[in-house]
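Coordinates in review
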Amino acid sequence: MRPFNSRIAIFSKVVDAVTIGFSLWLVIAISGRDLSTEFNFVIVCAIGLFYFFARVYNLYRSWRGCAMREEATRLWLVWFGVTLGLLSLAYITKTSEEY
């Protein structure tokens, strides 16, 4: 397991980015809107904020020996930070009406 640790970490980060991007794309498609450059910017910001807060809360560390509750708490904190960051970005740029 140890020799593949870095590959697994990279793979999990790529899977997270694809999942975030696909989820936002799906919500945009269901709402009947076109995928424009503004939404692409939101997708990139969401992925960037997720990686930033995941690093802050040490989300990609080894979870062996830790309680599932601790992992879930960190994940909720990361997503709270991403949501707050996206809302702040929309408010600062005065684009909250568009989304």
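These figures come from a predicted structure and were not determined experimentally.

Criteria and cut-off values
Residues numbered from 1 in each chain as written. Predicted model: local features only at pLDDT ≥ 70, side-chain atom pairs only at ≥ 80, totals over all residues. Heavy atoms only, no water. Phe/Tyr/Trp six-rings, centres within 6.5 Å; stacked < 30°, edge-to-face > 60°. Helix = DSSP H or I, 4+ residues; strand = E, 2+ residues; numbered from the N terminus. Buried < 20%, exposed > 50% of the residue type's maximum accessible area, 1.4 Å probe, protein only. Lys NZ or Arg CZ within 6 Å of the ring centre and 35° of its normal.

Comments concerning the packing of aromatic side chains
In the structure shown here, the tally under the stated rule is five aromatic pairs. Between the aromatic rings of Phe50 and Trp79, the centroid separation amounts to 5.1 Å while the plane-to-plane angle is 40°, which identifies the pairing as tilted. In this pair, Phe50 sits in helix α2 (residues 37–56) while Trp79 sits in helix α3 (residues 68–92), placing the two residues 29 residues apart along the sequence. On the basis of an interplanar angle of 75° and a centroid distance of 5.1 Å, the ring pair of Phe52 and Phe53 is categorised as edge-to-face. Judged by its relative accessible area of 49%, Phe52 is partly exposed. Three or more aromatic residues joined by ring pairs form one cluster here, namely Phe50, Tyr51, Tyr60 and Trp79. Lys13 extends its terminal NZ or CZ atom over the ring of Tyr60, reaching a point 5.2 Å from the ring centre. When the ring centre of Tyr91 is taken as origin, the NZ or CZ atom of Lys94, which lies over that ring, is 5.7 Å away.

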